[in-house]
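Examining the three-dimensional arrangement
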Amino acid sequence: LPNVKPRRRKQTMATERDPEAARQYGDESDEEDEIFIDPDNDPDVVRKVYELEGQDMDEDEASEAGDAEAGGGMALRPDGFGEGREEEDDEEPVVDLSAGRFEGHTDAVYSVAIHPTAPELIATGSGDDTAAIWNRDSKQLLFRLAGHTDSVVSVAFNVAGTMLASAAMDGFVKLWNPADGTLLRTLEGPSEDITWISWHSKGDVLLAGSSDMSIWMWNAGTGDCMSVLSGHSGAVTCGKFNADGKLVVSGSEDGSARVWSPKTGACVIALQDSKGAGTFHQAGLNCLDTCGDMLLTGSQDCTAILTMLTVPTTSDTLPTAKVLFIHQHHQDSVESVAIHPSMAYIATGSLDTRVMVYEASAESPRFVCQHDAGVTKVLWHSTKDWLLSSSLDRTVRVWDGRSGAALTSWTGHKDAVMDLVVSRDGLQCVSASDDQCALLWAFPTA
């Protein structure tokens, strides 16, 4: 199966369905971007072939391969578990369990965000080169935010909710007023596509990572560039401010993770196994999360690594990093990781269809949760000990974060679910999908 990074997967999926998009992006399926898994290495792992992952198959061939590998196509029951009914030649209608649909984009929806103080405002970013702001209650489009010239891969509100940032593969970040949809300013600098953005937790400072190997930091209020963080030798695929905003962490296709001082722009910790000794990731990073002194990274090499960081407050002591565990239980690329803010649990999601939860002090998984296709995101609930996951199998699932018990499986999307967010009050969830729409999900209040 092709091993594609989270943002590159979005581009790949779009080109599979849209010949015009394929011409726009060009053929970027270089051999070094593909890793083929030999099933003989692990006969216990049974993989299903899905059209989404069949890069060189037409629809009929993918269907035949899926039947051969999985013993016949099976459709999920509305609850998502157990044996489903056998699919006919014509695709069965999807049971929509959502609380509402946001429809209007003309290409895949890659990113979704919920306003921090007015959760009735939902933002989306799409492969149709636009972002949008929707009303949760009416499900109506409030503002279509046009101006990008390539796919909008990330949208995010600042902490006060006064600005919405949209980042695109055109190399620009645009800042919008969510109250009226007007463009405030455009942030320029990176020479290639933006791969992620992150707001500071206490002020209007915005980070963006780029495929040009750089990280840019701007004063969003003025548009001025505050710093350019350079040191990676590959595309910067993931990153964020830590919780208090005193550090920046980043991961790259070069297989390294770096910790930066946003004040000085200096790299204070570099984690990389340049000699191939097995001390860190052996392939590019896809994802990361940080909480307190913990850094969790996920890679194309099928591993997740938990590292303890020690960054002193005085300049006379050197910062240190200690790798605690190299988790090697996945059989395919680790696409998403998440650290629980209080439970000392970590979660990993992989293209091998599995979600794994570990205690931060343990090497082996506490439990394993199963999807029917690759996992695209894992996310801890904001107020409860629940774990959410989204998948190429078109579902969003909710698990008990302590036991791994399946609580619910939400269906309604007609294609891969690409992003997932939970509101700050924990009452709602919104998902984004390759089916060109976003869906609203309601948690039980009891």
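All figures in this text were calculated on a predicted structure; none of them were measured in a lab. (Residues numbered from 1 in each chain as written. Predicted model: local features only at pLDDT ≥ 70, side-chain atom pairs only at ≥ 80, totals over all residues. Heavy atoms only, no water.)

Of regular secondary structure, the protein possesses three helices and 32 strands. Buried residues in the protein amount to 56% of all 446 residues. Across the protein, contacts joining residues at least 24 apart in sequence account for 46% of those joining residues at least 6 apart. A total of about 18,900 Å² of accessible surface is found on the protein, and carbon and sulfur atoms cover 47% of it. (Helix = DSSP H or I, 4+ residues; strand = E, 2+ residues; numbered from the N terminus. Buried < 20%, exposed > 50% of the residue type's maximum accessible area, 1.4 Å probe, protein only. Contact = heavy atoms within 4.5 Å. Areas by Shrake-Rupley, 256 points an atom, 1.4 Å probe, with all protein chains shown as cover.)

Our next topic: the sheet that holds strand β13 (residues 224–230). Spatial strand order, β10-β11-β12-β13: four strands in an open sheet with antiparallel pairing. The open sheet terminates on both sides in strands that have one partner only, identified here as β10 (194–199) and β13. Going from strand to strand, the sheet's axes swing by 20° on average, the running direction of each strand aside. (Pairing = 2+ DSSP bridges. Axes fitted to C-alpha atoms, helices over the stretch in contact; angles between N-to-C directions.)

With that settled, consider the side chain of Ser250. Position of Ser250 among the secondary structure elements: in strand β15 (residues 248–252). One polar contact links Ser250 to His232, side chain to side chain, over a distance of 2.8 Å. Of the polar contacts made by the side chain of Ser250, one reaches the side chain of Trp260; its length is 2.8 Å. (Polar contact = N/O pair within 3.5 Å; in protein donor to acceptor, adjacent residues only side chain to side chain.)

Moving on: the pattern of salt bridges. Summed over the entire model, instances satisfying the criterion amount to 10 salt bridges. Residues Arg101 and Asp96 are paired through a salt bridge, measuring 2.9 Å at the closest nitrogen-oxygen approach. Judged by its relative accessible area of 36%, Asp96 falls in the partly exposed class. Residue Lys240 pairs with Asp289 through a salt bridge whose shortest N-O separation is 2.9 Å. Taken as a pair, Lys240 in strand β14 (residues 236–241) and Asp289 in strand β18 (residues 285–291) lie far apart in primary sequence, 49 residues in all. Classification of Lys240 by relative accessible area gives partly exposed; the value is 24%. Because the salt bridges share partners, they merge into one network encompassing Asp96, Arg101 and Glu103. (Salt bridge = Lys/Arg side-chain N within 4 Å of Asp/Glu carboxyl O.)

Glancing now at the side chain of Arg258. Positionally, Arg258 belongs in strand β16 (residues 257–260). Within the structure, the side chain of Arg258 is placed 3.3 Å from the backbone oxygen of Gly231, a separation counted as a polar contact. If sequence neighbours within four positions are ignored, Arg258 has contacts with Gly231, His232, Val248, Val249, Ser250, Cys267, Ile269 and Ala270.

On to the sheet that holds strand β31 (residues 428–433). One open sheet holds the four strands; their spatial order is β1-β32-β31-β30, and the pairing between them is antiparallel. Only two strands of the sheet have a single partner each, and these edge strands are β1 (100–103) and β30 (417–422). Along the sheet, successive strands turn relative to each other by an average axial angle of 20°, direction set aside. Bridge analysis of β30 against β31 gives five bridges, and the strand direction is antiparallel. Bridge assignment links Val422 to a residue of β31, and that residue is Cys429.

Bringing the nonpolar core into the picture now. Of all hydrophobic cores here, the largest spans 15 residues; its most connected members are Ala165, Val173, Leu175, Ile197, Trp199 and Leu206. Elements supplying a minimum of two residues to this core: β7 (164–168), β8 (173–176), β10, β11 (205–210) and β12 (214–219). If one sorts the elements of this core by residue count, β10 sits on top with three residues. Once residues within four sequence positions are removed from consideration, Trp199 is found in contact with Ala156, Phe157, Asn158, Met163, Ala165, Leu175, Asp204, Val205, Leu206, Ala220 and Phe241. (Core = buried A, V, L, I, M, F, W, Y, C linked by side-chain atoms within 4.5 Å.)

Let us now look at the packing of aromatic side chains. Counted by the stated rule, this structure contains five aromatic pairs. One aromatic cluster is present, built from ring pairs that chain together Trp386, Trp410, Trp441 and Phe443. The aromatic ring of Trp386 is capped on one face by Lys384, whose charged end is 5.5 Å from the ring centroid. (Phe/Tyr/Trp six-rings, centres within 6.5 Å; stacked < 30°, edge-to-face > 60°. Lys NZ or Arg CZ within 6 Å of the ring centre and 35° of its normal.)

Below, the discussion takes up the pairing of β7. In terms of burial, β7 is largely enclosed, as five of its five residues are buried. Side chains of β7 alternate between two faces, with Leu164, Ser166 and Ala168 and Ala165 and Ala167 buried alike. Across five bridges, strand β6 (residues 152–157) lies against β7 in antiparallel orientation. Bridge pairing in β7 links Val155 to Ser166. As consecutive antiparallel partners, β6 and β7 are separated by six residues, and within that stretch Gly161 has a phi angle of approximately 80°, a positive value. Between β7 and β8, which pair antiparallel in sequence order, lie four residues; one of them, Gly171, sits at a positive phi of approximately 90°.

The next subject is the state of the cysteines. Overall, the coordinates contain zero disulfides when judged by the stated rule. Looking at the unpaired Cys238, the closest cysteine sulfur is the one in Cys287, lying at 6.3 Å. Overall, Cys238 belongs to the buried group, its relative accessible area being 6%. (Disulfide = S-S within 2.5 Å.)

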